[in-house]
Structure formats: structure tokens, C-alpha cells
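Next come the chains, spelled out residue by residue.
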Amino acid sequence: MLGGVPLHPLLVHAPIGLLLFGTLLILISFKWTSFRLFALITLVAGLFSGAVAFLSGDSAEEYAEANLPSVTETMIENHEHFALYSLIAFGITVVLLAIGYRAKGKLWITLSFVVALVGAGLLAYAGHLGGQMVYAK
């Protein structure tokens, strides 16, 4: 918290942008293999920033419970779980992409892209759940 305001809403945008951009870079790397390293670095940065955003959620939870009466514990837990699932999916993506970085063929890159798409869907849903808590009445 900074001056009684949670940092979580500020911090979540970096991993969203980096992880989704990294997913796009994997797709581009099917045609231009030089983008694989760029995708890998972007996804690693996204994972680190995602971990920071995830950890900042505890103070945002306290703030929501105190200031947003329509927010329930179940809503918070669902948001937290889907955020964690997306980080796990992108962690798996990084491992697969790191293997595929040096491997011949496109099997590992294809697998990393599929898992990244799953992670992107989970990330989008986690963001939707977070938005519902703040903006839905």
C-alpha cells in the first residue's frame, strides 16, 4: 500500500502487457526464429512482474474487504486462483520455449504457444474477475 491505496491495480498492467506480447512474439517466431529469444526474455520479465503483482494482491484484498462491501471472499479467491493458474501456465510456457530455443523443429515452440494461449485465456479471465470486483455493482 502507498498512502492507504493498494498498489495492485497499478502493478497488474505490466505482466498483462508483457505476457500477452510474449505470446504474440512466440507466434511471430514461427516465421522468424530470431524472435524466440525476444519472446523468452519478454515472458520471463512478465513472469517476474506477475509474481510481484500477485504478491501485492494481499494488501488489495484487505483494502477491498474494508472499502468494497459488494466484494465477497469467494470473488477474491476466484480472482486469486485464476491469476495463479495463469502464472503457472506461463511458467510452463517459459520452460517449453527454453527447450525449443535450441531444439530443431517446431514441436517445442508449438507446445509453448498452445500453453501460452491457455495462459492468456486464464489471465484474461483473472482480469475480468478483478474488474468485476471493482466496477460491477
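Given the structure is predicted, the values throughout are model-derived calculations rather than measurements.

Caption draft 1: Spatial organisation of helix α5 (residues 107–135). Between its first and last C-alpha atoms α5 spans 42 Å; for 29 residues at 1.5 Å apiece the expected length is 42 Å, and the two agree. For α5, the full list of buried residues reads I109, S112, F113, V115, A116, G119, A120, L123, A126, L129, G130 and M133. Among the structural elements, α2 (13–29), α3 (35–67) and α4 (73–102) are those in contact with the buried residues of α5.

Caption draft 2: Seen up close, the packing of aromatic side chains. Inspection of every chain in the model, using the stated rule, returns 6 aromatic pairs. Considering the side-chain rings of F30 and F113, the 5.9 Å spacing of their centres and the 90° angle between planes classify their relative orientation as edge-to-face. Of this pair, F30 sits in the loop between α2 and α3 while F113 sits in helix α5, placing them 83 residues apart in sequence. Ring geometry for F82 against Y125: centres 4.8 Å apart, planes inclined by 80°, an arrangement best described as edge-to-face. Taken together, the residues span a long stretch of sequence, with F82 in helix α4 and Y125 in helix α5 at a distance of 43 residues. The partly exposed category is assigned to Y125, whose relative accessible area is 39%. Ring pairs connect the aromatic residues F21, W32, F35 and F38, which therefore count as one cluster.

Caption draft 3: Broad picture of the environment of V44. Tracing the backbone through its elements, the reader meets V44 in helix α3. Since its relative accessible area comes to 29%, V44 is described here as partly exposed. As a C-alpha pair, V44 and V95 span 51 residues in sequence and 10.0 Å in three-dimensional space.

Caption draft 4: Broad picture of the environment of G91. Relative to the helices and strands, G91 is located in helix α4. Residue G91 is classed as partly exposed on the basis of its relative accessible area of 22%.

Caption draft 5: Focus on the packing of α3 against α4. Relative orientation of the contacting elements α3 and α4 amounts to 165°, with a least axis distance of 10 Å. Looking at the two axes, α3 sits roughly antiparallel to α4. α4 is crossed by α3, and the crossing has left-handed handedness. When its residues are assigned to classes, the contact of α3 with α4 shows 17 nonpolar, 4 polar and 5 charged.

Caption draft 6: Just the side chain of S59, in detail. The topology assignment puts S59 in helix α3. Here S56 takes part through its backbone oxygen, which lies 3.1 Å from a polar atom of the side chain of S59.

Caption draft 7: A look at α4. Here α4 contains 30 residues, and its C-alpha end-to-end distance of 45 Å stays within 8% of the 44 Å for a straight helix at 1.5 Å per residue. Of the positions making up α4, those classed as buried are I76, H79, A83, S86, L87, A89, F90, T93, V94, L96, L97 and G100. Looking at the buried side of α4, the elements it contacts are α1 (8–11), α2, α3 and α5.

Caption draft 8: Region of interest: the nonpolar core. Formed by 14 residues in total, the largest nonpolar core has its most connected members in L19, I26, A39, L43, F90 and L97. The set of elements that each furnish at least two residues to this core consists of α2, α3, α4 and α5. Among residues more than four places away in sequence, those in contact with F90 are L19, T23, L43, L47, A116, G119, A120 and L123.

Here is what the cut-offs are and how they apply
Per chain, residues are indexed from 1 in the order of the written sequence. Owing to the predicted nature of the model, reporting of local features is limited to residues with pLDDT of at least 70; listing and counting of side-chain atom pairs is limited to 80 or more, with chain, interface and lining totals taken over all residues. For the side-chain quantities, the full set of heavy atoms in the structure was used; hydrogens and water were omitted. Every helix listed is a DSSP run of H or I at least four residues long, and every strand listed is a run of E at least two residues long, numbered separately from the N terminus. The span one expects for a helix is its residue count, reduced by one, times 1.5 Å. Exposed residues in this analysis have more than 50% of their type's maximum accessible area, buried residues have under 20%, and partly exposed residues fall in between, with area computed by a 1.4 Å probe over protein chains only. Whether two residues touch is decided by their heavy atoms; if any such pair falls within 4.5 Å, the residues are in contact. Here a Phe, Tyr or Trp ring, Trp counted by its six-membered ring, pairs with any other such ring whose centre lies within 6.5 Å, and the pair is stacked when the planes are under 30 degrees apart, edge-to-face when over 60, and tilted otherwise. Axes here mean lines fitted to C-alpha atoms, for a helix over just the part in contact, with angles spanning 0 to 180 degrees between N-to-C directions. In these notes the angle categories are as follows: under 35 degrees is roughly parallel, over 145 is roughly antiparallel, 65 to 115 is roughly perpendicular, and the rest is oblique. Each crossing gets its handedness from the near helix: less than a right angle anticlockwise from the far helix is left-handed, clockwise is right-handed. When residues are grouped by polarity, Ala, Val, Leu, Ile, Met, Phe, Trp, Tyr, Cys and Pro land in nonpolar, Asp, Glu, Lys and Arg in charged, and all others, Gly among them, in polar. Within 3.5 Å is the distance limit for a polar contact, defined as a pair of N or O atoms, with the added protein rule that one can donate a hydrogen and the other accept it, and that residues adjacent in sequence qualify only through two side-chain atoms. To qualify as a nonpolar core, a set must consist of buried Ala, Val, Leu, Ile, Met, Phe, Trp, Tyr and Cys residues joined through side-chain atoms within 4.5 Å.

Shape descriptors only; they carry no functional weight alone.
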